[in-house]
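Structural description and commentary
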Amino acid sequence: MITGSGSLVFTSEYFKILIDKIHDEFIKKHKLTQLPKTFQLYGYGAFDENKPSLKNDFEALGSEFINGKYLYDKFREFEKGKPLIKLNHYYKTIILLFLGYQDYEVFLAENKPSEDEFDKQLTLLKSNDEDITYYYINYYFGEDNTILKGQSIISKNWKKIQHIFMYPLEDGTMREYYSHGNIKRQGDTLTIKTNTLSGDRYIDGASEIYYLGHRAPSNIKYLIGTYCTFDLFTNTVAGRSILEKCESKREMEQKSMDPSIPPYIAMEIRNKRIVNPSVVPKHALELSSNSPYASLYGKLPGTYNVTFDFVDGFQEKLKFKILKSNFEIVTLTDNVYIEKDRIELLNKGSVINFRFNFSGIIALERVNIYFKSYYLKNNSRNQEGVFSGIDNENRLVNGSLNVDFTEA
């Protein structure tokens, strides 16, 4: 659902349809055979408050005073040939309630004078999007390694955004952090720059990018993107975020307070976060806790011949190399492509872990490889290890392996 906050412009032809519908509904509601005189119909001047009038009907639907002459004046504009008629926010809302429609887009579609006129009026309706507010739940992987929620409110024709980040406390309450930002559409992406309240002033906050394709933002149920900002501990962080559209402000508020995370969100968000500690290294060994093992990492480039020995006696072979220039992994086995790879030095650099996802002609679909890093410290170029993974028939497999290494 969309919430309007401004006026609405009608073509003269659609305004005539609107007025006719109001008159028909008035006659039907009060079981009249014809419309009363103008004063009485619209409810202004010397009209009888005890008899039916649109002023009384409209005031019964809302909570504000109705100026009966306002709608009459708009009708006079139409009679004088004005091509466009503007109704203020309150009148456009009350009329919609009076006629029993959910929104004006439905009204326009059900009362088409012609396709051209419908398209013209729909354009006027859509051009008023600056007065529409959209409500989203913002999911991201945050502090303390948990999935967190926030409220994201988009307005001003997709030019303004407000984030309200929700942090659950031990006593069951929520702590809220606010940021405000500007949205720019660039091609098929949305870029967002926000400011966050710090003390009594706003400072630069997060940068966000979301992919749109070539669709109108207002029609998109999910926005998937990335953010870069400071966390609560002043670490610089980056990660993935997903905005899920809500039908109303109330739904957004209810969902943001619910601690449960939908599984379709959790599987896409969990652990999708990069954290850079707030440190300024004096030399390379202080970049991270893994930096002291960089000398071993630097010896990884070379050619690897790996033989996998499955527990059932089957063998598979894989040959690949790690480039010395940029540590890229390149397969040397025909008809095998490494889709994803990862290298880690574990246990203070004593164990090497390769993780591969394959496509092509190979018995393994994905695999974790572990072996000692001793070969990097001495002249031995042969090393034994273990592996576990999934084969190309979706079975869980494991076994031992042998690695022959040739230095680059």
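The model shown is predicted, which means the values in this text are computed figures rather than measured ones.

This paragraph deals with the pattern of salt bridges. A full pass over the atoms with the stated rule returns 17 salt bridges. The shortest N-O distance in the salt bridge between Arg381 and Glu407 comes to 2.9 Å. With Arg381 in the loop between β18 (364–372) and β19 (382–391) and Glu407 in strand β20 (residues 396–407), this pair connects stretches of sequence that are 26 residues apart. Residue Arg381 is classed as partly exposed on the basis of its relative accessible area of 28%. The partner of Asp391 in a salt bridge is Arg395, with the nearest N and O atoms 2.8 Å apart. Taken together, the shared-partner salt bridges connect Lys74, Glu77 and Lys82 into one network.

Under the defined criterion, the tally for this structure stands at 29 aromatic pairs. For the ring pair Tyr140 and Tyr227, a centre distance of 6.3 Å and an interplane angle of 80° mean the geometry is edge-to-face. Here the residue Tyr140 occupies a position in strand β4 (residues 132–142), and Tyr227 occupies one in strand β10 (residues 222–230), the gap between them amounting to 87 residues. Judged by centre distance (5.7 Å) and plane angle (55°), the ring pair of Phe354 and Phe371 falls under tilted. Taken as a pair, Phe354 in strand β17 (residues 351–360) and Phe371 in strand β18 lie far apart in primary sequence, 17 residues in all. Per residue, the accessibility class of Phe354 equals that of Phe371, and both read buried. Looking at Lys112, its charged tip hangs above the ring of Phe118, at a distance of 4.4 Å from the centre.

The terminal C-alpha atoms of helix α4 (residues 68–79) lie 18 Å apart, and with 12 residues this matches the ideal 16 Å at 1.5 Å per residue to within 8%. Gly68, Tyr70, Leu71, Tyr72, Lys74 and Phe75 are the residues of α4 that are buried. Lining the buried residues of α4 we find α1 (12–30), α2 (38–42), α3 (54–61), β3 (84–87) and α5 (89–99). Put simply, Asn67 is the residue that caps the front of α4, since its side-chain oxygen is 3.1 Å from the backbone nitrogen of Lys69. Immediately beyond the C-terminal end of α4, within one or two residues, lies Gly81, with a positive phi of roughly 90°.

So, about the pairing of strand β6 (residues 160–168). For strand β5 (residues 146–155) and β6, the ladder comprises seven bridges, and the chain directions are antiparallel. Within β6, the residue paired with Gln151 across the bridge is Ile164. Linking two consecutive strands that pair antiparallel, namely β6 and strand β7 (residues 174–186), is a turn of five residues; a positive phi of about 90° is found at Gly172 within it.

Residues Phe58, Leu71 and Ile95 are the most contacted members of the largest nonpolar core, which totals 35 residues. Apart from the residues lying within four places of it in its own chain, the contact partners of Leu71 are Ile19, Ile22, Tyr42, Leu54, Phe58, Leu87, Tyr91 and Ile95. Formed by 30 residues, the second largest nonpolar core is a distinct cluster that contains Leu318, Ile329, Phe354 and Leu364.

Moving on, we come to the side chain of Arg273. The topology assignment puts Arg273 in strand β12 (residues 273–276). Engagement of the side chain of Arg273 in a polar contact is seen with the backbone oxygen of Phe141, the distance being 2.8 Å.

Another aspect to go through is the domain arrangement of the protein. Think of interface size as the accessible area that goes away when the parts come together; that is how it is often given. Under the domain assignment, the protein is made up of domain 1 (8–127), domain 2 (134–276) and domain 3 (292–407). Averaged C-alpha coordinates put domain 1 and domain 3 at centres separated by 74 Å.

This paragraph deals with the side chain of His163. Position of His163 relative to the elements: it lies in strand β6. At a separation of 2.7 Å, a polar atom in the side chain of His163 contacts the side chain of Ser152. A polar contact of 2.8 Å, which involves the side chain of His163, links it to the side chain of Glu208. What His163 contacts, discounting residues up to four positions off in sequence, is Asn138, Gln151, Ser152, Tyr177, Tyr178, Ser179, Thr194 and Glu208.

The next point concerns a nonpolar patch on the surface. Nonpolar side chains collect at one region of the surface, where Tyr222, Ile224 and Tyr264 lie side by side and expose about 280 Å² of accessible area between them. Assignment of secondary structure puts Tyr264 in helix α9 (residues 263–269). Tyr264 gets classed as partly exposed once you look at its relative accessible area, which sits at 41%.

The rules we used
- Residues numbered from 1 in each chain as written.
- Predicted model: local features only at pLDDT ≥ 70, side-chain atom pairs only at ≥ 80, totals over all residues.
- Heavy atoms only, no water.
- Salt bridge = Lys/Arg side-chain N within 4 Å of Asp/Glu carboxyl O.
- Helix = DSSP H or I, 4+ residues; strand = E, 2+ residues; numbered from the N terminus.
- Buried < 20%, exposed > 50% of the residue type's maximum accessible area, 1.4 Å probe, protein only.
- Phe/Tyr/Trp six-rings, centres within 6.5 Å; stacked < 30°, edge-to-face > 60°.
- Lys NZ or Arg CZ within 6 Å of the ring centre and 35° of its normal.
- Expected span 1.5 Å × (residues − 1).
- Contact = heavy atoms within 4.5 Å.
- Polar contact = N/O pair within 3.5 Å; in protein donor to acceptor, adjacent residues only side chain to side chain.
- Pairing = 2+ DSSP bridges.
- Core = buried A, V, L, I, M, F, W, Y, C linked by side-chain atoms within 4.5 Å.
- Domains from an automatic or database assignment.
- Patch = residues over 30% accessible without salt bridge, like charges linked within 9 Å, V, L, I, M, F, W, Y side chains within 5 Å.
- Areas by Shrake-Rupley, 256 points an atom, 1.4 Å probe, with all protein chains shown as cover.

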